[in-house]
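Structure at a glance
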Amino acid sequence: MASGQKMTWRPQYRSSKFRHVFGKAATKESCYDGVPITCSVQDNNFCAVNPRFLAVITECAGGGAFLVLSINHTGKVDPQHPRISGHRGNVLDVKWNPFNDYCIASCSEDSTVKVWEIPPHGVLKNLTAAWKELQGHSRRVGLIEWHPTANNILFSTAYDYQIMIWNLDCPEQVIKNPVRTISHHTDVVLSMSFNTEGSLMATTCKDRKVRLIEPRSGHLQRESNCKTHKASKVLFLGNLKMLFTSGTSRYNDRQFALWDQDDLSLPLSQENLDGSSGVLFPFYDPDTHMLYLAGKGDGNMRYYEISSEKPYIHYLTEYRSNLPQKGMGVMPKRGLDVSSCEVFRFYKLVTIKSLIEPLSMIVPRRSESYQEDIYPMTAGSKPALSAEEWLSGVDKGPVLMSLKPGSQVAESYSAMTTVTRRFQSRPGALQVSNIQDQVGPKDGEEDGGQSEDDRSRTAVSNGEELALCSPPRTENELRTKFHKQQEEIRRLRELLSQRDVRVKQLELEIKNIKNSQPHQNSL
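Let me sum up the structure you'll find in this document. None of these values were measured; they are calculated from a predicted model. (Residues numbered from 1 in each chain as written. Predicted model: local features only at pLDDT ≥ 70, side-chain atom pairs only at ≥ 80, totals over all residues. Heavy atoms only, no water.)

The next thing to look at is the pattern of salt bridges. Within the structure shown, the criterion is met by 24 salt bridges. Between Asp33 and Lys28 there is a salt bridge whose closest N-O contact spans 3.6 Å. What makes Asp33 buried here is its relative accessible area of 17%. Between Glu223 and Arg211 there is a salt bridge, with its nearest N and O atoms 3.2 Å apart. Here Glu223, found in strand 20 (residues 219–223), pairs with Arg211, found in strand 19 (residues 210–214); they are twelve residues apart in sequence, far enough to count as distant. Judged by its relative accessible area of 36%, Glu223 is partly exposed. (Salt bridge = Lys/Arg side-chain N within 4 Å of Asp/Glu carboxyl O. Buried < 20%, exposed > 50% of the residue type's maximum accessible area, 1.4 Å probe, protein only. Helix = DSSP H or I, 4+ residues; strand = E, 2+ residues; numbered from the N terminus.)

So this is what it looks like as structure tokens:
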């Protein structure tokens, strides 16, 4: 052997705390059964989730509708469950506002985008009156996205090849003029993704090109022209300054590619997967740097770990199931069960069984205590910017929060009461009485601080005055009251758990003070 050559040995595996992540499907009792999932062929997820509600687009005759269920409303879903049915055409996409768990946007074949406010107790009768209606597109609207850090900024794209940016912080109920229209695409936009601050937007189009756009100005920064990869979906990979695309090769094999966001001439890496025809939906977790790939019509799901150095993408393992998925909803990180080391949760739409199956991705750990190394500070539910600040040129990263139990208040009293007042003020809206009594006093407020009016109020059960509460006359009413009661029990358990954590913290502080006093006396 020549003296200039050196032998190198590289291990066949790499150390990773996520190497043994596994998927755990929910039991039958914890699934949502009997949901008439839409038969639309649109390549969307058809499902949106937050810590309070699950929304799914449903099949219906005439117009378009979607279902909003309480996240705890598992089991058999009533076929007559009230729906949100204000669109004149099929609903194609739904997305929850990341900063308001009671606000959801939907887009439809009727060329409109509508924004809805969900009552605090859920949808108890059919909703047809939207909070905002956005009219600007000339053809059906296929995709909507909320801005990741600015409040009430919504993006929509339609079959007129336009991307429109809407500011919802205005008094008008019907908004006809977007604040910006982006017209760089020559065909239908297939996906949109934002960087962490929301200062850049990546898109894929039916012409299979990846475009990098500055959304506020509408300026096109870069455009890919790669012949070997036809992109269908695109994702920003957190702060790694990389883009991930899934699509097909020139021979129509399913393929993914990784790009440097500063150079879209050629991908950094690309890999063929298989010859299936279903679209690959990518999902990225910036906290764990894990990437999940779920194919439409597949039963399996592959997951990878992303690094900033070559080879960039490291295959971990695969979750297998014989139930094919039509779409996937994703629970925000603040809704995960940290006590079971859950790092991601999907809601899998299984059309052939009219089933929505929660699927938890779990890091196996023996300890039951909070695992700080797998739960770094993550994007919370508070906006970093107002709509006006973002439109004026300000960029900010997300407001971070800790997932440690007891470190944040689960119930946002002020947001909940604001939603209730605004919802009750609309004509034809469902009246929910005494929501302040349902939520209870704020932290630190004692019963002694109540006014004479508060003390003289009649007893409240499930948010209703007992004096006005009549027994349920139908099975549907009985079911509704039951779910309201379950929601109240869940809320009280959460409150009790938070108080227990606070008591333990105070006991620990007292113990530390007592231990430090003898040490000071000896000095």
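Another aspect to go through is the packing of aromatic side chains. Under the counting rule described, the total for this entry stands at 15 aromatic pairs. Residues Phe256 and Tyr304 carry aromatic rings whose centres are separated by 5.4 Å and whose planes lie at 70 degrees to one another, so their mutual orientation is edge-to-face. Linking Phe256 in strand 23 (residues 254–260) with Tyr304 in strand 27 (residues 301–306), this pair joins segments that are 48 residues apart in sequence. When the ring of Tyr292 is compared with that of Phe346, the centres are 5.3 Å apart and the planes differ by 80 degrees; the resulting orientation is edge-to-face. On the criterion of sequence distance, the pair formed by Tyr292 in strand 26 (residues 290–295) and Phe346 in strand 30 (residues 342–350) is long-range, its members being 54 residues apart. An aromatic cluster is present here, built from Phe283, Tyr292, Tyr303, Phe344 and Phe346 joined pairwise through their rings. (Phe/Tyr/Trp six-rings, centres within 6.5 Å; stacked < 30°, edge-to-face > 60°.)

Along the chain, Tyr284 turns up in strand 25 (residues 280–285). Placed 20 residues apart in sequence, Tyr284 and Tyr304 show a C-alpha to C-alpha distance of 9.5 Å. When sequence neighbours within four positions are dropped, the list of residues in contact with Tyr284 reads Leu235, Phe236, Leu237, Gly238, Leu240, His289, Met290, Leu291, Ile306 and Phe344. One polar contact links Tyr284 to His289, side chain to side chain, over a distance of 2.9 Å. (Contact = heavy atoms within 4.5 Å. Polar contact = N/O pair within 3.5 Å; in protein donor to acceptor, adjacent residues only side chain to side chain.)

The strand order across the open sheet built from four strands is 12-13-14-16, with neighbouring strands paired in antiparallel fashion. Lying at the two open borders of the sheet, with one neighbouring strand each, are strand 12 (141–146) and strand 16 (180–182). Ignoring which end each strand starts from, the neighbouring axes of this sheet average 20 degrees apart. Across three bridges, the pairing between strand 14 (residues 163–167) and strand 16 is antiparallel. Within the sheet, the bridge partner assigned to Ile165 lies in strand 16 and is Arg180. (Pairing = 2+ DSSP bridges. Axes fitted to C-alpha atoms, helices over the stretch in contact; angles between N-to-C directions.)

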